[in-house]
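# Geometric and topological summary
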Amino acid sequence: MRAPFRRVAVVATAVVALVAPVLPTAASAAPSIPNPEQYFGFRIGSDGRLATFDKMVPYFKLIADRSNRVDYAEPGRTTLGNPYSMLTISSKKNLDNLDRLVEINKRLADPRGLSPTDAEALAREGKPFYYVQAGIHSNEVGNSQAMLEIAHRLATEHSPYIDNILDKAVILMVPAQNPDGLKLVNDYFNATAGTNYARTYPDLYQKYTGHDDNRDWFMFTQAESKLMVSIQNKYHPQAFQDAHQAGTGAPRMFTPPYLSPYDPNIDPITVQQTNDMGMAMQRGMTSAGMKGVGWGQTYDYWTPSRQYQVYHGASRLLTEAASVRDLAYPQIGDGPLGSQVSDTNFIEPYDSNKWTLRQIVDYTSQTFYSGVDELANDGYNWLKDFYKVGVKATTRSDIYAYVIPAGQRDPQAVKDTLDILRTGAVEIRQATAEFTAGGKAYPKGSYVIYMAQPYSGFAKTLLEVQHYPQLLQYPGGPPQRPYDVTAQTLPMLLGFQADLVQSQFSVPTTLLDKITPPAVTMPAEPGAGGAYVLGPESYGVYQIVAKLQSQGIPTFRSAAQFTDGGRTYPAGTFIIPPTAPARSELQSQSKATGIPVYTIADVPAIDGVQLKPGTRIGLLKPPNNIPSGWLMWMFDQYKVDYQIVEAKDYQNLAGKFDAIMMPEGVSRNSIVTGLNAARYPQEWSWAFGVGETGWNQLHDFVTNGGTLVSFGTGSATAQQLLGLPMESVLPSSSSVFYGPGSLLSQEIDANDPAAWGMTPNNPVWFEGDRAYRITDPAKYPYHVVSKYPDSGEQLQSGWLIGGQYLNGAVNTVSWQVGKGSVVTFGNQTSFRTWNRAEQKMVFNALYNGPSQKLTPQQFAAIAD
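Summary of the structure given here.

Definitions and cut-offs
Residue positions within a chain follow its written sequence, with the count starting from 1. The predicted nature of this model means local features are confined to residues of pLDDT at least 70 and side-chain atom pairs, given and counted, to a pLDDT of 80 or more, with totals for whole chains, interfaces and linings taken over all residues. Side-chain numbers come from the whole structure's heavy atoms, not from hydrogens or water. Strands are runs of DSSP state E lasting at least two residues, helices are runs of H or I lasting at least four, and both sets are numbered from the N terminus onward. With C-alpha atoms as the basis for the radius of gyration, the globule rule is written as 2.2 Å multiplied by the number of residues raised to the power 0.38. Buried, partly exposed and exposed residues are distinguished by accessible area as a fraction of the type maximum, computed with a 1.4 Å probe on protein chains only: under 20%, between the cut-offs, and over 50%, respectively. Two residues form a contact once any of their heavy atoms are found within 4.5 Å. How far a helix is expected to stretch is found by multiplying one less than its residue total by 1.5 Å. In this scheme, strands are said to pair when DSSP sees at least two bridges between them. Put simply, two rings from Phe, Tyr or Trp (the six-membered ring, in Trp's case) pair if the centres are within 6.5 Å, and we call them stacked under 30 degrees between planes, edge-to-face over 60, tilted for the rest. Two limits define a charge over a ring: the Lys NZ or Arg CZ must be within 6 Å of the ring centre, and within 35 degrees of the ring normal. Think of a salt bridge as a Lys or Arg side-chain nitrogen and an Asp or Glu carboxyl oxygen that are within 4 Å of each other. The definition of a polar contact used here is a pair of N or O atoms within 3.5 Å, where within protein one atom must be able to donate a hydrogen and the other to accept one, and adjacent residues in sequence count solely through side-chain atom pairs. Axes here refer to lines fitted to C-alpha atoms; in helices the fit is confined to the stretch in contact. Angles between the N-to-C directions go from 0 to 180 degrees. Here the word oblique covers every angle except those under 35 degrees (roughly parallel), over 145 (roughly antiparallel) and from 65 to 115 (roughly perpendicular). By convention, the crossing between two helices is left-handed when the near helix turns anticlockwise from the far helix through less than a right angle, and right-handed when the turn is clockwise.

What the protein contains, in helices and strands, is 24 helices and 40 strands. Whereas a compact globule of 864 residues would reach a radius of gyration of roughly 29 Å, the protein reaches 28 Å, a difference of no more than 12%. Once the C-alpha set of the protein is aligned to its principal axes, its extents read approximately 90 × 70 × 55 Å. Within the protein, buried positions represent 62% of all 864 residues. Long-range pairs, those at least 24 residues apart, make up 80% of the contacts in the protein with a sequence separation of at least 6.

Pasting the structure below:
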C-alpha cells in the first residue's frame, strides 16, 4: 500500500444514489430456490469454509432454472476444459427483450449514421448493462463466494430496491473469470483441511499465467481472456466491475477514483464515469458503516493489459478487498488493521484488529450493489454518455490513420498484431492498389487502420510510443511506482513497422472480416546440391523448426551471410536438404504462417551448424513461477519438445536434456530448498528441493557440455552457479535509476548465433532488471551479444529515470563454461510473451548450444 494518502487521483464527485444494505430484506423470497447456506451447508464467508467449483456451477444453473430473472450460459470452455459460466440477470421483461437491448447498445457504441434525435430515443429506450467479474485471481477467494449470495438475492428478492435495479439495468455476472483456478485453489484448500500441510495451492492457478491472467487483455493469448473480450464485444456494457483482493495490510476495500496517471487514449467521459461510480461505492460502504475504505491509492488507470473495457466505452471499476489469513481464516493483529491516518481519500480508518472472510463477502457485495444502483438510477445519462464516447471516436480528426506496410520482414509479427486488433473490434482495411500517404509510397496489400472508428483508442494505445509522466512521491523524492508497466508499443515488442499518418489520403480498400497470412508460393524443388531455405527474421520461424524437429527432418543453419541467385541470406538462415517429407512440411507450414520458403542452387562452403535432432529442452519452473508459465504457453504454441525439470531429474540431467532454460524468478533457494516436503503432499515432490547435491549436478550438467539459457534474475542465479565474471552497474536507489516495464535501446550483434535474425537496434524489455560489466575477461571465453548504447537516449517507450547509467552496459553475453554453452540475458527477454521479437533470441540460444558445428567443407556437402 502506498504511504502518502494525500496524493489523490482526482477530485471526488458527488454521489446522489442512496444505497440499500447488503443483507437481504424480509421481503418475499421465492421458496423454490434454496439460499446458499441451505444449499452448501454453511453460511458463505464462514471461517475456514469455501464453496467449491463442482457445487457452485450446479447452484447457478439451479437459480437460472427456477427464476425468470436469471439466464445461465456457457460462452465457452477454459484452458483446462472447465465450463466458463455467465449469468444474465434482470427483470423478466428485460430478459424477454434482451436482443433488442443488446442491439441498442451496439448501435450507440458505433453511432456512425445515427442522428442525435435517434440516439436520444435509443438512450431512453435502452437499459444500461453492468458487467461484474469475480475470481480472476483464484487465491482471492472472497469475491467469487460473494457472487453466490448476490445471484440468489437478485433472483429471489421482491423488494422495491431490487425490483428497481432489475427493471432499470441488465447485469452480466461471470462468477469465476478463472474457473480452473477456482477449482484448483478451493479443492486444495478443502483437501488439506485437518492436515499439517500448507492450505494455499502452491502453483500457478491458471495453467500458464497464474496471477498474470489479468495482464493478458491486449495480447489475448489465453482462452479466458478471449471469452471475456467476447462478452464485452457482444453486449457493450457501460460499466465493468472487476472484483479482487489485495494484501492483508491494504485498505479494507479500494475502489476508484484511481491514482494518476490515466492513459490519454481513454475518453475523459469514461474517466469521469469511473470516478463517479467509484465514489458511489465509497459512499455506499460508508453509509453501511463499513470502515477502512479508500480510493486514489496504489492503482492507476494506465495500461491496457488489464483494462480492455475502457477502450470500448465501459468504465472499469476495480474493487480490491483486503485479504485474510490462509484464504479463509481471520486476520488478527495486535491493534487496528491497516493505516490509522484519516485523509480525504481514506476517511474512516478501520478500528478493529480482526478481519474475516465474511467481511470480504459483505464489502464486495456492497460495492456491487452501490455500483449497479448508481447505473440503474442514472441509466439514461450513462447511455447518452456512452453514445457521446462513440461519437467522439468516430469523428476524430486529430490523426487520420495508421498504415502497416505489406511485405515486412516478419509476417508473423504483422499477423499477430492484426489478430490482436481484430479481436479488439478494430476495423482493419487492406489496400487493393498502391498508394501514397504522408509523402510515403505503400504497396498493394498494406493495411490501413483509420482512426475515425469506434475503438481507435485501443489501436492507438497499442501502436504508438508511450510517454509515461514523471511522477514522484514528493518533489525530489523517489518515483511513484506504476501499478503495472508503462509501455505496450506493439511495433517495438513484435518487430514490425506501423506508420502514423496525420493527414488525409485516398486509397481503395476492402474491410477484413478475418486475418489470414500473406499468400506464399512454394518454389520448385531444388536441383542437385541445392536446398530449401528459411530466413531467420521471423520469430514465427520456430514453429516451423519445431515441426521439422518433431518429424526428424535434418535442419541446418548458416553461420555467415551468403548470396545465391541474386538474393542475400543473413547469418542464421535455415537450410533444409530436399526430401519429400521436408517439402511437405515446409509447404504446409509456410502456408499456415506466411513465412516464405526459398531454394538455393548450391549450399555455400561457409561455417554452419546442424541442429541436434530432437533437441530436448528442460524448463526450470519453481512452483508459482509466472515467467516459466508464460514460456510453457509459447513452447506449447510452437510444439517445442520440452519438459519441466523435476527434482528426480537432477541425478541425470544430461540423460534427459540438451538445453535447460532458467527464467526470471529461478533462484538458488528455489532449486536447493524448493518446496518443504513436510508442508506439501507427495504429488508436489517434483518441486521439492534438491539440496547442494542437485545444485552441483546442475553445475556439472553445464561444464560437461550442456546448454544453459537464462534471463532476468535467472541470470544472477546462473552467475552464482557458474561463477560468471560479471556485476551489475546500476544504482540501487530508485530515485537515481528506475525502469518500471519499459522498452529500451539496444545494440545487437546479429552475427552471433544467439542473435541470428535480429535487427541491430531492436528495443528490449526492461522491468527492474540488471545491466552488467565483465569483471574478469580472461576467466571464460565470452562474446557480448547485445549492449546498451554508449550514449544517447536509452528510453524508447515508457518511463526511465537515470538512463545514463545504462550507457555502454552489457545485456546479453554468450559464454563457454567448460564444455558447455551459456547465454545470459540481463533483461527479461521473455516477458508475458509480449516481446516476441527479442524472445527469438531465447530460441536461438536453446537450439544453437546443443548443435553440431560444421566446417565449410562439411556444410557444403549437406545436400549431396
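The next subject is the side chain of Gln 408. Within the secondary structure layout, Gln 408 lies in the loop between strand S13 (401-404) and helix H13 (411-423). The exposure class assigned to Gln 408 is buried, which follows from its relative accessible area of 18%. Other than its neighbours up to four places away in sequence, Gln 408 contacts Val 414, Phe 496 and Gln 497.

End to end, helix H6 (residues 142-156) covers 22 Å across 15 residues, agreeing with the expected 21 Å (1.5 Å per residue, within 8%). Across the 15 residues that make up H6, a large majority, 14, are buried.

If you walk across this open sheet you meet the 8 strands as S1-S2-S4-S3-S5-S10-S6-S8, and the pairing is mixed. Only two strands of the sheet have a single neighbouring strand rather than two, namely strand S1 (70-77) and strand S8 (293-294). Pairing of strand S6 (residues 253-254) with S8 involves 2 bridges; the strand directions are parallel. Across the sheet, the residue bridging to Phe 254 is Gly 294, located in S8.

Below, the discussion takes up the packing of aromatic side chains. Going through the model one piece at a time under the given rule, you end up with 46 aromatic pairs. Both rings, one in Tyr 468 and one in Trp 799, keep their centres 5.2 Å apart while their planes meet at 25°; by these two values the pair is stacked. Of this pair, Tyr 468 sits in the loop between helix H14 (456-463) and helix H15 (490-495) while Trp 799 sits in the loop between strand S37 (795-797) and strand S38 (810-817), and the two are 331 residues apart along the sequence. Each member of the pair Tyr 468 and Trp 799 is classed as buried. Ring-pair connections join several aromatic residues into one group, and the members of that group are Tyr 542, Phe 574, Phe 635, Tyr 638, Tyr 642, Phe 843 and Tyr 847. Its guanidinium or amino end placed over the ring of Phe 189, Arg 199 lies 4.0 Å from that ring's centre, counting from NZ or CZ. Taking the ring centre of Trp 695 as reference, the NZ or CZ of Arg 668 above it sits at 5.1 Å.

What follows covers the environment of Lys 226. Tracing the chain through its elements places Lys 226 in helix H9 (residues 223-235). It is 19 Å that separates the C-alpha atoms of Lys 226 and Ile 428, two residues lying 202 residues apart in sequence. The contacts of Lys 226, once residues within four sequence positions are left out, are Phe 220 and Thr 221.

Scanning all chains against the criterion turns up 37 salt bridges. Notably, a salt bridge pairs Asp 110 with Arg 112, separated by 2.8 Å at the nearest N-O pair. We classify Asp 110 as partly exposed; its relative accessible area is 25%. Taking relative accessible area as the criterion, Arg 112 reaches 31% and is therefore assigned partly exposed. One salt bridge in this structure joins Arg 832 and Asp 212, with 3.2 Å as the shortest N-O distance. Residue Arg 832 is found in the loop between strand S39 (820-825) and helix H23 (836-848), and its partner Asp 212 is found in the loop between helix H8 (179-191) and H9; the two are separated by 620 residues along the sequence. Here Asp 212 falls in the buried class, since its relative accessible area comes to 9%. The structure contains a network of salt bridges with shared partners spanning Asp 212, Arg 215, Asp 484 and Arg 832.

Locating Thr 573 in the fold gives a position in the loop between strand S23 (567-569) and strand S24 (574-576). Among the polar contacts made by the side chain of Thr 573, one reaches the main-chain carbonyl oxygen of Pro 570 at a distance of 2.7 Å. In contact with Thr 573, other than residues within four places in its own chain, are Val 533, Leu 534, Pro 536, Phe 556, Arg 557, Ser 558 and Phe 562.

What follows is about the sheet that holds strand S40 (residues 852-854). A sheet is described by the order of its strands in space; here 6 strands give the open sequence S25-S20-S24-S21-S26-S40, paired in antiparallel fashion. With partners counted over all chains shown, the strands left at the sheet margins are strand S25 (597-600) and S40, one partner each. Each strand of the sheet is rotated relative to its neighbour by a mean of 35°, with strand direction disregarded. As judged from the 2 bridges shared by strand S21 (residues 556-558) and S24, these two strands associate in the antiparallel manner. Paired with Phe 556 across the strands is Ile 575, a residue of S24. The strands that helix H17 (residues 580-593) touches are strand S20 (531-534), S24 and S25; relative to S20, the one it contacts most, it runs at about 25°.

As for its placement among the helices and strands, Ser 456 is situated in helix H14. For Ser 456, a relative accessible area of 1% gives the class buried. Filtering out sequence-adjacent residues up to four positions away, Ser 456 remains in contact with Ala 393, Arg 396 and Met 451. Among the polar contacts listed, one links the side chain of Ser 456 to the side chain of Arg 396, at a separation of 3.1 Å.

In this section: the packing of helix H7 (residues 160-168) against helix H11 (residues 357-377). Interhelical geometry of H7 versus H11 gives an angle of 60° and a closest axis separation of 9 Å. When the axes of H7 and H11 are compared, the pair comes out oblique. In the crossing of H7 with H11, the sense of the turn from one axis to the other is left-handed. Packed against H7, whose contacting residues are Tyr 161, Ile 162, Asn 164, Ile 165 and Lys 168, the element H11 presents Tyr 369, Val 372, Asp 373, Ala 376 and Asn 377 at the interface.

Burial within S39 is extensive, with 6 of its 6 residues counted as buried. Both faces of S39 are covered, namely the face carrying Gly 820, Val 822 and Thr 824 and the face carrying Ser 821, Val 823 and Phe 825. Two elements, strand S30 (residues 707-711) and S39, share 5 bridges in a ladder whose sense is parallel. The partner of Val 709 across the bridge, within S39, is Val 823. For S38 and S39, the ladder comprises 6 bridges, and the chain directions are antiparallel. The partner of Ser 814 across the bridge, within S39, is Val 823. Taken together, S38 and the strand that follows it, S39, pair antiparallel across an intervening segment of 2 residues, in which Gly 818 is found at a positive phi of about 60°.

Here we take up unusual backbone geometry. Cis geometry marks the peptide bond from Pro 256 to Pro 257; its omega dihedral reads 5°. Checked against the element boundaries, Pro 257 lands in the loop between S6 and strand S7 (259-262). Here Ser 260 and Pro 261 are connected by a cis peptide whose omega angle stands at 5°. Along the chain, Pro 261 falls in strand S7. A positive phi is found at Asp 326, a non-glycine position, where the angle reads about 50°. Considering the arrangement of structural elements, one finds Asp 326 in the loop between strand S10 (315-322) and strand S11 (331-332).

Relative to the elements of secondary structure, Gly 535 occurs in the loop between S20 and helix H16 (541-550). Linking Gly 535 and Pro 570, residues 35 residues apart in sequence, is a C-alpha distance of 7.6 Å. Setting aside chain neighbours within four positions, we find Gly 535 in contact with Val 541 and Phe 574.

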